[in-house]
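Analysis of the macromolecular model
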Amino acid sequence: MTRIQDKSTIVFGGGSIDGSINNGLAASIVYARAGARLAIVDLHPDAVSAAVERVEKECAELGIPARVLGIVGDVSDEASVAAAVKETVAAYGGIDVLHNNVGVARMGGPVEMSLEEWDKVIRINLTSAFLTCKHVLPHMLAQGQGSIVNIASVGGMRYIGYNFPSYSATKGGLVQFTTNLALEYAARGIRANSVAPGFIKTPMMYKQISGAYDSVEEMVAARNALSPTGKMGDSFDVAHAALFLASDEAKYVNAVCLPVDGGLVQQSSSPAT
């Protein structure tokens, strides 16, 4: 319960508009349960307020204090990112953990996708991490310590059967971006690691992936079948992996991309939808 006790933790993309559990909200809950002083940043005010309420409820049920700050911010806008970081530092005195969770999936390759849509995916999925690191790293360097956890995807490590090269390219880029940060700043007390979820049951799959199937039921069945375990993981599987990497338990773990995928990336044949 105290794995990151009193560590100032900022989660970009940590909200949920209707309070349903997604990867970002699960991370927010897990960090708060572990003792973090938490800042949740999300684009939509409703997502921020719902996440703060859910985190406070989860902590109250465990009988622990919830130290949580809700911030409305746009990760694709530098001024907004800078403001979110400034507000977090003002509230908590610094930032110990940076968790980047924002991501969108858009179907279609170069033939089907417009340049504008391609640029949007790049900015949300990859440039956002550049911006958050740009504004958080100076505080970590001044402290002489910090942990960065970026949520990538197995789709950035191998082909997983979906026609979304923009998503794959950005998530693959995020893995290498993380590796570069890890090695550049390792001697200065900062670690950077990524988590690569596989087939995870999240609200995003219903909103952004279901169109690739004839029905929602077909999608769920297909994604379960594609996992080596026979079923998808859930958002808390991803969140607990991130917590380990963020915590001092992982003090000698750096530049790692940790798949949370039931073994998917180790399969010898490529899955197909």
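Above this note sits the structure.
Residues numbered from 1 in each chain as written. Predicted model: local features only at pLDDT ≥ 70, side-chain atom pairs only at ≥ 80, totals over all residues. Heavy atoms only, no water.

1. Describing the overall build of the chain
From N to C terminus, the chain includes eight helices and nine strands. The C-alpha radius of gyration of the chain comes to 18 Å, within 12% of the 19 Å expected for a compact globule of 273 residues. Taking the principal axes of the C-alpha coordinates as reference, the chain spans close to 50 × 40 × 35 Å. Of all 273 residues assigned to the chain, the portion counted as buried reaches 51%. Pairs at least 24 residues apart make up 78% of the contacts formed inside the chain by residues separated by at least 6 positions. Accessible area for the chain stands at about 11700 Å²; split by element, carbon and sulfur atoms hold 54% of it. With 21 positive and 26 negative side-chain charges, the chain shows a separation of 6 Å between the mean positions of the two kinds. (Helix = DSSP H or I, 4+ residues; strand = E, 2+ residues; numbered from the N terminus. Rg over C-alpha atoms; globule rule 2.2 N^0.38 Å. Buried < 20%, exposed > 50% of the residue type's maximum accessible area, 1.4 Å probe, protein only. Contact = heavy atoms within 4.5 Å. Areas by Shrake-Rupley, 256 points an atom, 1.4 Å probe, with all protein chains shown as cover. Lys, Arg positive; Asp, Glu negative; His and termini not counted. Charge placed at Lys NZ, Arg CZ, Asp CG, Glu CD.)

2. What to know about the packing of helix 1 (residues 23-33) against helix 8 (residues 235-246)
In a pair of packed helices, the angle between the axes and the distance between the axes together describe the arrangement. Between helix 1 and helix 8, whose axes approach to 8 Å, the crossing angle comes to 50°. In terms of axis orientation, helix 1 runs oblique to helix 8. Seen from above, helix 1 lies across helix 8 with right-handed handedness. Each of Asn23, Ala26, Ala27, Ile29, Val30, Tyr31 and Arg33 in helix 1 lies in contact with helix 8, whose residues at this interface are Ser235, Phe236, Val238, Ala239, His240, Ala242, Leu243 and Ala246. (Axes fitted to C-alpha atoms, helices over the stretch in contact; angles between N-to-C directions. Parallel < 35°, antiparallel > 145°, perpendicular 65-115°, else oblique. Left-handed = near helix turned anticlockwise from the far one by under 90°.)

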